[in-house]
Amino acid sequence: MLKVSNATKIYGEGPTRVVALDNVSLTVEDGNFIVIMGPSGSGKSTLLNIIGGLDYLTSGEVILDGKRIDGYDENALVGIRRGKIAYVFQQYHLLPSLTALENVLLPLIFAGDVNSEKGAVDILKGVGLEKRADHKPSQLSGGEQQRVAIARALVNSPGLILADEPTGNMDHKTGYEILELFKRLNEGGRSIVMVTHSPDIAGYAKEIITLQDGQITGRTKQV
Amino acid sequence: MKLYEIVVKDIMRRKRRVLYAALGVVIGTMTVVGILTIASAGETKIYRQLEQYGPNLTVIPAINNLDMKLGNLSMGTLTVGDNYIPQEQLLKIRQIADSSIRQALNITDEGDIATIAPKLYENTKINGVSLVVVGVDPQQERIVKTWWELAKGDYLNEPDQALVGAIAADLLKLNVGDTIALNGSSTKVSGILKETGSADDYQIFIPLATVQSAFNKAGMISSLDIRALCNACPVEMIADSINKNIPGVRAIAVKQIAKSEMGLVEKMNNLMLALAGITLAVGLFGVINTMMASVHERIKDIGIMRAVGASRKQIIRIFIYEAVFIGIVGGLIGYLFGTALAYIIGPLIFEGTTIYVVPQYFPLALIMSIVVAVAATIYPAIQASEIRVADSFRSV
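Residues numbered from 1 in each chain as written. Chains lettered and ligands numbered in written order. Predicted model: local features only at pLDDT ≥ 70, side-chain atom pairs only at ≥ 80, totals over all residues.

(A) Inspection of the overall build of chain A at higher detail. Check the secondary structure of chain A and you find six helices and ten strands. Here chain A holds 223 residues, and 50% of them are scored as buried. Counting contacts in chain A only where the partners sit at least 6 residues apart, residues at least 24 apart contribute 68% of the total. (Helix = DSSP H or I, 4+ residues; strand = E, 2+ residues; numbered from the N terminus. Buried ≥ 20, exposed ≤ 12 C-beta atoms within 10 Å, placed from the backbone. Contact = placed C-beta atoms within 7 Å.)

Structure representation (C-alpha cells):
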C-alpha cells in the first residue's frame with residue numbers, strides 16, 4: 001500500500017519557477033488499478049516519478065508499506081526497485097545491446113538473483129514473446145518492445161507497477177493489447193498506477209484521478 | 001549473465017566509439033613506449049659496444065708533445081717518445097694485469113687470466129692501394145675481437161697467412177688463396193672477414209712476427225689491447241698500475257670513453273622522456289575528455305539500469321570494466337605502434353642503431369594504460385551515477 005501526502009514539487013527559482021505538483025495526495029490500495037489523466041504539463045509524469053522514487057519531492061511524504069520513502073537515498077531506493085516497485089516507460093527503455101531475454105534478466109543480474117533466471121523465460125512466455133527471446137530491441141516492433149519491458153518489470157515480482165504512458169508510442173490495436181496485459185496483471189493481484197492522456201484507457205481502470213496544473217481536479221472510482 | 005557480459009555486449013554495439021576512446025590511450029602509450037624503446041636501444045648500443053669492444057684497456061706508447069720555445073718565439077712542437085712499445089714490456093704488463101685481477105677476484109689460479117693482444121700497425125701499399133697492415137697475435141686477437149666473423153675461408157693458422165677485412169678484400173679484389181706481396185715477402189690469404197662496421201674492414205691482419213720481420217720492426221708493437229672477462233675487474237687499478245710501473249706507455253680504460261658517451265645518451269634520454277611525459281599528459285586529457293563523453297552518451301542507459309535496480313556501485317563497476325577493456329586494447333595497440341615508431345624514428349636519432357623490441361615494456365604499457373583509462377573514467381562515472389533517474393531520461 002502506498003500513500004502520497006501533500007506532495008509538492010517545484011522546479012527552478014525566480015522567473016523560471018515552475019510548480020509541477022501542488023499539494024497532491026493520493027492512496028494506492030493493494031490491488032488497485034489507478035489511471036492518472038490530464039493534459040500535457042499537468043504534472044502526471046512528475047507525480048509518477050515521485051511515487052516511484054525516480055525524482056525527489058520538494059515537500060510532502062511518500063509512504064510505502066508503512067515506511068517513508070521520500071527521503072531515501074539512492075542506495076535505499078535500490079532496494080525498492082528490486083522487488084517492490086517496477087516501471088514501464090513510454091519509450092520502453094530497453095538496453096539496445098541486449099536481447100529480449102537478456103533485457104528481462106537485467107533486474108535479476110543487478111539484484112544478484114540467479115535463481116529466478118529460469119522463471120524469466122516463463123514470464124516472456126506469459127507476454128507472448130518466447131519466440132522473440134533472442135531478438136534485440138531493434139528487431140522488435142513497438143508493441144513487442146513494450147511487452148519485453150513489462151516482462152522485465154515483472155521479473156522481480158513487484159507489488160506495484162508504475163506505467164508512464166505505456167501505449168503512447170503505438171497504434172490503437174497494439175495499445176489495447178498492452179492494456180489487456182496490464183488488466184491481467186492487475187487481476188493477478190498487482191497494483192497498477194498508470195499515467196495517460198487518452199480517455200479510452202479509462203475503461204480499464206478501477207479509479208481515475210485527473211490532474212491539472214499540478215493539482216488534483218477529480219477522483220472517480222468505477223467498478 | 002554477469003555484469004561484465006553486459007559491458008562486453010555494449011562495447012560490441014559501440015565498437016567504433018570505444019576504439020575512439022582507446023585512441024587517447026594509444027597515443028599516450030605509443031609515445032612513451034616509442035621513446036623508451038629508442039632510449040634503451042641507445043643505451044644497449046653503448047653497452048654492446050662495451051661488450052663488443054673487446055678490450056677493457058688499451059695501452060699505447062706515451063707520446064709527449066713539447067712546445068719548443070726560444071725565448072718568446074715558438075719553434076713548433078716536438079714529439080718526444082717512441083712510437084712503439086718494446087715487446088718485452090708485454091710480460092710485465094701481463095704480470096700487473098693478472099695479479100690485479102687475481103687480487104680483486106680472489107683467484108688462486110696461476111695461469112694467464114687477462115687476454116693481451118699486441119698490435120703492430122704498418123702503412124703499406126698493396127697493388128697500388130694504400131692500406132694498413134696489422135701484425136697480431138692470432139689467438140689473443142681473436143679473443144679480443146669478439147665480433148669477428150668469417151665470410152670466407154679460415155682463420156690465421158700459419159705465420160705467412162693473412163686475414164683480410166671485408167672492404168679491403170673488395171678494394172684489392174682478393175679471394176681466399178690469393179697471394180699478397182708484403183714488402184718483399186709474401187703471404188697467402190687464409191680468410192676474409194665479414195663486414196664489422198669498424199676500421200677492421202680496411203685492414204689486413206697478419207701474424208705479428210711476419211709483419212715485424214717484413215717491416216724491420218723486430219721486437220716492437222704499436223699498441224696492445226687488454227681484455228679481462230669480468231665486469232668487476234679492476235680496470236682502473238690495472239691502468240693506474242701500468243702507468244706507474246711501466247715507463248713509456250699509457251694505459252687507458254675503455255670504460256672512460258664509453259662513460260662520457262653514456263652521459264650524452266642519458267641527457268638525450270632525459271629530454272625525450274620529458275617530451276614523452278608531456279605527450280602522455282596531453283594524451284591523458286584526451287582520454288579524460290573521451291571518457292567523459294562516453295559516460296555522458298550513456299546517461300539514458302545508466303538511468304534504465306538504475307530504474308531496474310542497479311546500485312551506484314554496480315554502475316561504477318560497469319564503467320570501470322569498460323575502462324579496463326579500453327586500457328588493455330589501448331595498451332596493446334600503443335605498445336605495438338610505439339615499438340614500430342621506434343623502429344622508424346630510432347635510426348634517425350641514433351644513427352645506425354638497431355632497435356630491439358623490449359618485451360618488458362609490454363606489461364608496463366598495459367598497466368599504465370589501464371591505470372590511465374580507469375582514472376579518467378572514475379570521476380565522470382561517479383557523477384553520472386548520482387544523476388536523478390528521472391533526469392537521465394529527460395536529457396535525451
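(B) Molecular detail of the overall build of chain B. Per the secondary structure count, chain B includes twelve helices and 14 strands. Residue burial in chain B is summarised as follows: out of 396 residues, 37% are buried. Look at the contacts in chain B between residues 6 or more apart in sequence, and 80% of them connect residues 24 or more apart.

(C) The arrangement of unusual backbone geometry in detail. Despite not being glycine, Glu-165 of chain A shows a phi value in the positive range, around 45°. Within the fold, Glu-165 of chain A resides in the loop between strand 7 (160–164) and helix 6 (172–187).

(D) A look at the sheet that holds strand 10 (residues 215–221) of chain A. Residue and element names in this part refer to chain A. Strand order in the open sheet formed by six strands is 6-7-8-3-9-10, and the pairing between neighbours is mixed. Bordering the open sheet on either side are strand 6 (85–88) and strand 10, each of which pairs with just one other strand. Strand-to-strand, the axes of this sheet are offset by a mean angle of 15°, without reference to chain direction. With five bridges connecting them, strand 7 and strand 8 (residues 191–196) associate as parallel partners. Across the sheet, the residue bridging to Asp-164 is Val-195, located in strand 8. Across the face of the sheet, helix 6 comes into contact with strand 3 (33–37), strand 7 and strand 8 while running at roughly 155° to strand 8. (Pairing = 2+ DSSP bridges. Axes fitted to C-alpha atoms, helices over the stretch in contact; angles between N-to-C directions.)

(E) Representation of helix 3 (residues 100–111) of chain A in the model. Residues and elements named next belong to chain A. The buried fraction of helix 3 amounts to twelve of the twelve residues, a majority that puts the element mostly inside the structure. Restricting attention to buried positions, one finds in helix 3 the residues Ala-100, Leu-101, Glu-102, Asn-103, Val-104, Leu-105, Leu-106, Pro-107, Leu-108, Ile-109, Phe-110 and Ala-111. With its phi angle positive at about 70°, Gly-112 sits one or two positions after the end of helix 3.

(F) Focus on the interface of chain B and chain A. With 19 residues of chain B in contact, the opposing surface of chain A contributes 24 residues. Those elements giving two or more residues to the side of chain B that touches chain A turn out to be helix 1 (3–13), helix 9 (299–307), helix 10 (312–349) and helix 12 (389–394) of chain B. Residue contributions to the side of chain B that touches chain A peak at five residues, all from helix 1 of chain B. Residues belonging to the side of chain B that touches chain A are distributed by class as follows: ten nonpolar, three polar and six charged. (Nonpolar A, V, L, I, M, F, W, Y, C, P; charged D, E, K, R; others polar.)

(G) Inspection of the pairing of strand 9 (residues 179–182) of chain B at higher detail. Residues and elements named next belong to chain B. Where burial is concerned, the two faces of strand 9 differ: the one with Ile-180 and Leu-182 is buried and the one with Thr-179 and Ala-181 is not. Inspection of the sheet shows strand 9 paired to strand 10 (residues 185–193) by four bridges, in the antiparallel sense. Paired with Thr-179 across the strands is Lys-188, a residue of strand 10. As consecutive antiparallel partners, strand 9 and strand 10 are separated by two residues, and within that stretch Asn-183 has a phi angle of approximately 50°, a positive value.

(H) Representation of the packing of helix 3 of chain A against helix 4 (residues 117–126) of chain A within the structure. All names here are of chain A. Axis separation between helix 3 and helix 4 bottoms out at 10 Å; the angle between their running directions is 130°. What the angle tells us is that helix 3 and helix 4 run oblique. Viewed along their axes, helix 3 and helix 4 form a crossing whose handedness is right-handed. Residues Ala-100, Leu-101, Val-104, Leu-105 and Leu-108 of helix 3 pack against Glu-117, Ala-120, Val-121, Ile-123 and Leu-124 of helix 4. When the residues that make up the contact of helix 3 with helix 4 are grouped by side-chain class, the tally is nine nonpolar, no polar and one charged. (Parallel < 35°, antiparallel > 145°, perpendicular 65-115°, else oblique. Left-handed = near helix turned anticlockwise from the far one by under 90°.)

(I) Structural view of the sheet that holds strand 5 (residues 67–68) of chain A. Residues and elements named next belong to chain A. Across the sheet, which stays open at both edges, the four strands sit in the order 2-1-4-5 with antiparallel pairing between neighbours. In the strand order of this sheet, the two ends are held by strand 2 (18–28) and strand 5, each with one partner. As judged from the two bridges shared by strand 4 (residues 59–64) and strand 5, these two strands associate in the antiparallel manner. Paired with Ile-63 across the bridge in strand 5 is Arg-68.

(J) Quick look at the pairing of strand 7 of chain A. Burial runs high along strand 7 of chain A: five of the five residues are buried. Because side chains alternate across strand 7 of chain A, one face comprises the buried residues Leu-160, Leu-162 and Asp-164 of chain A, and the other comprises Ile-161 and Ala-163 of chain A, equally buried.

(K) Spotlight on the environment of Ser-186 of chain B. Residues and elements named next belong to chain B. Here Ser-186 shows up in strand 10. A residue is classified by how many C-beta atoms lie within 10 Å of it, and Ser-186, with 12 of them, is exposed. Counting along the chain gives 24 residues from Ser-186 to Ala-162, while the straight-line C-alpha distance between them is 9.6 Å. Apart from the residues lying within four places of it in its own chain, the contact partners of Ser-186 are Thr-179, Ile-180 and Ala-181.

(L) Just the confidence of the model for chain B, in detail. Per-residue pLDDT for chain B has a mean of 81; in total, 84% of the residues score no lower than 70. Scoring the predicted complex yields pTM 0.66 and, for the interface, ipTM 0.90. (pLDDT = per-residue confidence, 0-100.)

(M) Highlighting the environment of Asp-137 of chain B. Residues and elements named next belong to chain B. Within the element layout of this structure, Asp-137 appears in the loop between strand 6 (129–136) and helix 4 (138–144). C-beta crowding within 10 Å serves as the criterion here: with 21 such atoms nearby, Asp-137 is assigned to the buried category. Spatially, the C-alpha atom of Asp-137 lies 6.4 Å from that of Pro-118, the residues being 19 residues apart in sequence.

(N) Just the environment of Asn-183 of chain B, in detail. Residue and element names in this part refer to chain B. With respect to the secondary-structure elements, Asn-183 resides in the loop between strand 9 and strand 10. In this structure, the C-alpha to C-alpha distance between Asn-183 and Val-211, residues 28 residues apart in sequence, is 9.2 Å. Those residues in contact with Asn-183 that lie beyond four places of it in its chain are Thr-124, Ala-214 and Phe-215.

(O) Region of the structure containing helix 7 (residues 235–245) of chain B. Residue and element names in this part refer to chain B. Those residues of helix 7 that fall on the buried side of the exposure criterion are Val-235, Ile-238, Ala-239 and Ile-242. Taken down its axis, helix 7 places every buried residue within 100° of arc, on the same side. Across helix 7 from its buried face, at more than 90 degrees, point the exposed residues Lys-244 and Asn-245. (Arc of directions from axis to C-beta.)

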